[in-house]
Amino acid sequence: MDLSTIIGLGSGILLFVISIRMGGPLGSFYSASSIVIVLGGTISATIVSYPMNQIKQLFKTVKKTMSKTNFSSSEIINNMVSFSEKARREGLLSLEDEIANLDDSFMQKGVQLVVDGTDPDLVRNILETELSFLEDRHAQGRGIFSTMGSYAPAFGMAGTLIGLIRMLETLDNPETIGPGLAVALLTTFYGTILSNLFFNPMAAKLKVKSSEEILLKEVVIEGLLSIQAGENPRIVEEKLKAFLAPNERESFNKNTEVNENEAA
Amino acid sequence: MDLSTIIGLGSGILLFVISIRMGGPLGSFYSASSIVIVLGGTISATIVSYPMNQIKQLFKTVKKTMSKTNFSSSEIINNMVSFSEKARREGLLSLEDEIANLDDSFMQKGVQLVVDGTDPDLVRNILETELSFLEDRHAQGRGIFSTMGSYAPAFGMAGTLIGLIRMLETLDNPETIGPGLAVALLTTFYGTILSNLFFNPMAAKLKVKSSEEILLKEVVIEGLLSIQAGENPRIVEEKLKAFLAPNERESFNKNTEVNENEAA
Amino acid sequence: MDLSTIIGLGSGILLFVISIRMGGPLGSFYSASSIVIVLGGTISATIVSYPMNQIKQLFKTVKKTMSKTNFSSSEIINNMVSFSEKARREGLLSLEDEIANLDDSFMQKGVQLVVDGTDPDLVRNILETELSFLEDRHAQGRGIFSTMGSYAPAFGMAGTLIGLIRMLETLDNPETIGPGLAVALLTTFYGTILSNLFFNPMAAKLKVKSSEEILLKEVVIEGLLSIQAGENPRIVEEKLKAFLAPNERESFNKNTEVNENEAA
Amino acid sequence: MDLSTIIGLGSGILLFVISIRMGGPLGSFYSASSIVIVLGGTISATIVSYPMNQIKQLFKTVKKTMSKTNFSSSEIINNMVSFSEKARREGLLSLEDEIANLDDSFMQKGVQLVVDGTDPDLVRNILETELSFLEDRHAQGRGIFSTMGSYAPAFGMAGTLIGLIRMLETLDNPETIGPGLAVALLTTFYGTILSNLFFNPMAAKLKVKSSEEILLKEVVIEGLLSIQAGENPRIVEEKLKAFLAPNERESFNKNTEVNENEAA
Amino acid sequence: MDLSTIIGLGSGILLFVISIRMGGPLGSFYSASSIVIVLGGTISATIVSYPMNQIKQLFKTVKKTMSKTNFSSSEIINNMVSFSEKARREGLLSLEDEIANLDDSFMQKGVQLVVDGTDPDLVRNILETELSFLEDRHAQGRGIFSTMGSYAPAFGMAGTLIGLIRMLETLDNPETIGPGLAVALLTTFYGTILSNLFFNPMAAKLKVKSSEEILLKEVVIEGLLSIQAGENPRIVEEKLKAFLAPNERESFNKNTEVNENEAA
């Protein structure tokens, strides 16, 4: 899990614990039945909304997507440029040796297609189809979190209504009105916090992580097609560097110089 | 109906029954007139919103779409690859014998068009038109549920307003205020639960099921056009496998090996 | 007006009348001034939002669009197929005699263009421009209802605020608080019902009716262009039948058999 | 300013004045400080949201866009058809004399480009770029009103919160609770009315006016390109009439007959 | 920071300070713990939603984007036209001397590509890729503000719920109810003001600034490609002037006359 998710969640929870603690004991903000209503309702509705296999994959996708990406865009561009140089010197077939060294199955598949002499249009077609399905799977995972983010406040309100209705039935003892209402409002509170500190932010983070991964794959596709077209390695580099943000580009230039020295 | 829908709905209803039961008798949460207002209002508004024939088809579409899909993407890809091999060996006309064995009318129609020697552009045109209408019909069914999901809370609130206005007219007896308000809030509670545990989740599930079915049909279209173009069976398989998620692809590879052994 | 609109509106109104009547006299839910605020405010805001000529056309468009469509898609396909056969036998010019028998001005115009020997690209261009303007006009009418559906609850709330502010100024007599609040809440009730039982459902129904009409016109365009291209009547029929839903297709097949017998 | 805007705003304001007056003196609904909070807050937030030059242009754009369009689509089509006839008789250069008579700078520019013998693709390119920027400017003006329509209720609520918090601090005197709450609710009332009777309807009207103007410009572009291509004046007329709504088309036919008589 | 942002924020804050001050001491509207809950919650949720590097870049992007753009569209068009004249007179290579004088890295890169004799399609490809990533980065920064604008009211409500629940637990002392509720409502007030006076308006301003910068870059791309194609400087000017709003165009004409005099 990347650091900002942990820091954000941790500081958010700490913040509310302290805020609540400042006004009195924490205990009065804990209600097992309220948690069961909000979380249970949200999860039940989510199970109705999505097929089991998607919900099961959720944890896997989330874990994978929330972890630090294992290689950077500058690394990929360097790979592509060096492949391009090798292909120019020794021919496209020489790239076959590199496939085993790659730890990304998408890149492996792409290089294999190029080595096999597949038609460039078909290479693009196959890789972009794969990319668009990857995008769909990411959108699914994200969609589940967004959906939970909209169910949680609704079931929070449903729980408050249950408490409210119970309390209103027995108005004879005025001393119980306050505490009864307090407990009823707890589910709304839980629903709001769950939705705005966890579900919605997780959906947002998944979106950012997804577009980063998609971008890397697009760099791979553009790079492979340039290599297959036998373009000049400098043009390949120029083309792919356009995918970088200005600050990444600077750090890239530094890295490549190092790499070029190493390569030399 | 697929399992997750039943499990989700069941656990959600159970959850609320238990939550309510824990605070007192269930009876005070049952109000026939509240149910009539929320459900009746929602259904009336839905009848104004959609023509009768679409509402009638709703149950059929839902039943069909919620049931387990009867054949999987790997099965379809296997079909396509074996058709591709047969067409290469024995010519496109040999596929005519297969039509009767197919239990999907879309696939039957597609193979028939290919066997008839229809122009590839026209084949794509006809099948994609059909697919886009299928998509429209799915969107209709889903739209009805979404619409109901937005009407239910509104009529819940309308019912609460009716109860509230009645109660406020006769404030002379303070003892009836609480119970009156409790009954008034019941319709809002029903509206919230109906919308967030049933209508909206059903619309979400229909969307997932629809895109799964659309995807299978797209695999069929791509496969048939590749067969018609006389492409190599291995290319056909490679192209179609791009439609699979990575985990499906692994299980597909296992299946095909089995199939190839059987075929051998 | 098609049946479902009448049934839906009628049952919805009946439902609320009965629900209200069950709790006491209907009279306490009638307030002329509340109706004036909600309806008057909504209509005023709509007049600011749209030019007079669009608002005037609204009733006409609604009446026309809500009425039962006077001929079905299968009838249009039959027409197109028979035109196609006639054009093949006797030449495109022979279709000129049919124009007078057509009761749809769009179809008349299309056949006239084909008979005049207009360039196919221009035929498509002219008919699609016309279709897209028809779509725009439908979207306008629908937009007015959606807009009213969002204004009605807002003016309902504004009316409640007026009542509330009045009531709060004169809190000295506690006996008037309840009834005052009851009257104030009436405008919110009216706004909710108007929006969710009338304006929003009407906008939804207009959308369905519009897409049905657009679809029929698309069938006409595709059919006319196929006829002009001299395509085989069976291909024309196959192409156009792709526009039908499966259940319509079955009933179409029955109809055509009857027609073919009659034609024979 | 076109009539419907005045009528709608006038009748809306009158309606609320009468509704308020019926329940008591108008004075208790007037609060200078509430107006300052709602309007001041909305304007401040709008100034943060948009650069000064766009806000300054707002009044100009609004005034121009809300005024009655000075010439109609049928007039423009007649112009185009007569230009087309003149160009056919006397050559494209003869249109140069007409430029001075045109009072629309867009049309002037278009005719000038055609007279200059500019390449048709470039003519379309330049005019459509201009049109898309006109659309952007309209969207900006509309966007400012929509934004104000969403800020006004928010600042209305903020004002109510200020009043509420003040009132709650000094609960010792129960007689002031009612009037205090009444004043607090006034800002919410102002925000609702401003948003739903003025800002949102103005944004809607601007959208309609904008699409009308865009449509006229599109007629001009299509017409000029047809003239440049030397198309038959009857085809030009047929093409451009597709842009008209059916009822406008009828009135157009009457007008042209008159014009043709005059021209004869 | 451009003037309107400062004026808007300043006047908005002043307005609320005065409004609050008019009713009593400012002190009762200050609550450190409320500020901590709203701002802390919003920031925590934002940290979960976005990766650290994007949040860090936020201040930089905002500062850069909110500052006055350092050169205007008319200046850029003049540059392009003079480059076009120079390229016609002395050849494309002569533009190399100009690169050092340019203070915009995007324009430098573009001119360099043209001077290098890069294929026009590749020039467009590289520059548009860069532009689309610039757009993405702007959208990110804007997205963070929008997200904060939706979190702030939610955490405002969460804070109010905390205060409300605390207060309801200890209803025994009726004198503390009012002040307790007042403090509880403060967080909702803070959330509303933060969202509607700061976060949402900042997101809106960023959008305007972004589209202005994108437009300038589009002018550069179109200009460079026209120069590379060796188009007539007058055509280049005409093409690029279509990007200007009418009022900018007038001021541009004045400027160019001055420039042309200077150039002469």
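Refer to the preceding data block for the structure.
Bear in mind the structure is a predicted one, so any value in this text is a computation, not a measurement.

In this structure, what is going on with the overall build of chain A? I would like to understand it.
If you tally the helices and strands in chain A, you get 10 helices and zero strands. Counting from the amino terminus, helix and strand elements in chain A follow one another as α-α-α-α-α-α-α-α-α-α. Classification of the 264 residues of chain A by burial places 55% in the buried group. Long-range pairs, those at least 24 residues apart, make up 77% of the contacts in chain A between residues at least 6 apart in sequence. Summing over all exposed atoms, chain A offers an accessible surface of approximately 11,800 Å²; the carbon and sulfur share of this is 58%.

Which parts of the structure should I look at to understand the environment of lysine 205 of chain C?
Residues and elements named next belong to chain C. Mapping lysine 205 onto the fold places it in helix α8 (residues 177–228). Taking the relative accessible area as the measure of exposure, lysine 205 reaches 0% and is therefore buried. In sequence terms lysine 205 and arginine 142 are 63 residues apart; their C-alpha atoms lie 8.8 Å from each other.

Sorry, what's going on with the packing of aromatic side chains here?
For any pair of aromatic rings, the description rests on two quantities: the centre-to-centre distance and the angle between the ring planes. In total, this model carries 40 aromatic pairs over all chains according to the counting rule given. Seen in terms of ring centroids, phenylalanine 145 of chain E and phenylalanine 198 of chain E are 6.0 Å apart; in terms of plane orientation they differ by 80°. Their pairing is edge-to-face. In this pair, phenylalanine 145 of chain E is assigned in helix α7 (residues 120–169) and phenylalanine 198 of chain E in helix α8 (residues 177–228), connecting sequence segments 53 residues apart. According to the relative accessible area criterion, phenylalanine 198 of chain E is partly exposed, its value standing at 29%. Feature note: the residues Phe16, Phe29, Phe189 and Tyr190 of chain A together with Tyr151 and Phe155 of chain E constitute an aromatic cluster, connected by ring pairs.

Please clarify how the relation of the copies chain A and chain E should be interpreted in this entry.
A rotation about some axis, followed by a shift along it, carries one copy of the chain onto the other. Note on the identical chains: chain A maps onto chain E by a rotation of 72° and an axial translation of 0.1 Å, with an RMSD of 0.0 Å. These values place the two chain copies in the arrangement generated by a five-fold rotation axis.

I keep staring at the pattern of salt bridges and nothing clicks. Help me out?
Here the idea is simple: oppositely charged side chains can pair when their charged atoms come close. Throughout the structure, instances matching the rule amount to 52 salt bridges over all chains. For the salt bridge of glutamate 90 of chain A with arginine 89 of chain A, the shortest nitrogen-to-oxygen distance reads 3.8 Å. Among the residues examined, glutamate 90 of chain A registers a relative accessible area of 47% and is labelled partly exposed. Residue arginine 124 of chain B is joined to glutamate 222 of chain B by a salt bridge in which the shortest nitrogen-to-oxygen separation is 3.5 Å. Highlighted residues: arginine 124 of chain B in helix α7 (residues 120–169) and glutamate 222 of chain B in helix α8 (residues 177–228), separated in sequence by 98 residues. Looking at arginine 124 of chain B, the relative accessible area reads 30%, which means it is partly exposed.

Any chance you could explain the interface of chain A and chain E here in plain terms?
How big an interface is tends to be stated in terms of accessible area lost as the parts join. With 47 residues of chain A at the contact, the number on the chain E side is 35 residues. Interface area, chain A with chain E, both sides summed: about 3,500 Å², of which 74% is carbon and sulfur. Three residues, Leu15, Asn196 and Ala242 of chain A, lead the burial of chain A against chain E; their summed loss comes to 13% of the area buried on that side. Where chain A meets chain E, there are one salt bridge. Put simply, glutamate 238 of chain A and lysine 109 of chain E hold a salt bridge, and the shortest N to O gap is 3.7 Å.

Sorry if this is basic, but what is going on with helix α6 (residues 105–115) of chain E here?
Given 3.6 residues per turn, any residue in an α-helix points the same way as the ones three and four places further on. Counting buried residues along α6 of chain E, eight of its 11 residues qualify, which places the element largely inside the surrounding structure. Of all the positions in α6 of chain E, only Phe106, Met107, Lys109, Gly110, Val111, Leu113, Val114 and Val115 of chain E are classed as buried.

I'm lost on a nonpolar patch on the surface in this one. Help?
Residue and element names in this part refer to chain A. A cluster of nonpolar residues, Tyr30, Ile35, Leu39 and Ile43, forms a patch on the protein surface that exposes about 360 Å² of accessible area. For isoleucine 35, the location among the structural elements is in helix α2 (residues 32–49). Taking the relative accessible area as the measure of exposure, isoleucine 35 reaches 33% and is therefore partly exposed.

For this particular structure, what's the right way to read the interface of chain B and chain A?
Each partner contributes to the interface: chain B provides 47 residues, whereas chain A provides 35 residues. Carbon and sulfur atoms supply 74% of the area that chain B and chain A bury against each other, a total of about 3,500 Å² over both sides. In this structure, the connection of chain B to chain A is made through one salt bridge. Remark: the boundary between chain B and chain A carries 10 residue pairs in polar contact (both at pLDDT 80 or more). For the side of chain B that touches chain A, the elements supplying multiple residues, two or more each, are α1 (3–23), α8, α9 (233–241) and α10 (246–263) of chain B. Of all the elements, α8 of chain B adds the most residues to the side of chain B that touches chain A, at 20 residues. Residue composition of the side of chain B that touches chain A, by class: 27 nonpolar, 15 polar and five charged.

I keep staring at helix α8 (residues 177–228) of chain D and nothing clicks. Help me out?
All names here are of chain D. Here α8 is 52 residues long and its end C-alpha atoms lie 75 Å apart, about the 76 Å a rise of 1.5 Å per residue gives. If you look at α8, its biggest bend is around 40°, right at serine 195. Burial runs high along α8: 38 of the 52 residues are buried. Positive backbone phi, at 70°, marks glycine 230, one or two positions downstream of α8.

Rules and cut-offs
- Residues numbered from 1 in each chain as written.
- Chains lettered and ligands numbered in written order.
- Predicted model: local features only at pLDDT ≥ 70, side-chain atom pairs only at ≥ 80, totals over all residues.
- Heavy atoms only, no water.
- Helix = DSSP H or I, 4+ residues; strand = E, 2+ residues; numbered from the N terminus.
- Buried < 20%, exposed > 50% of the residue type's maximum accessible area, 1.4 Å probe, protein only.
- Contact = heavy atoms within 4.5 Å.
- Areas by Shrake-Rupley, 256 points an atom, 1.4 Å probe, with all protein chains shown as cover.
- Phe/Tyr/Trp six-rings, centres within 6.5 Å; stacked < 30°, edge-to-face > 60°.
- Least-squares fit on C-alpha atoms with pLDDT ≥ 70 in both.
- Salt bridge = Lys/Arg side-chain N within 4 Å of Asp/Glu carboxyl O.
- Buried area = accessible area lost by both parts, 1.4 Å probe.
- Patch = residues over 30% accessible without salt bridge, like charges linked within 9 Å, V, L, I, M, F, W, Y side chains within 5 Å.
- Polar contact = N/O pair within 3.5 Å; in protein donor to acceptor, adjacent residues only side chain to side chain.
- Nonpolar A, V, L, I, M, F, W, Y, C, P; charged D, E, K, R; others polar.
- Expected span 1.5 Å × (residues − 1).
- Bend = angle between axes of the 7 residues up to and from the residue.

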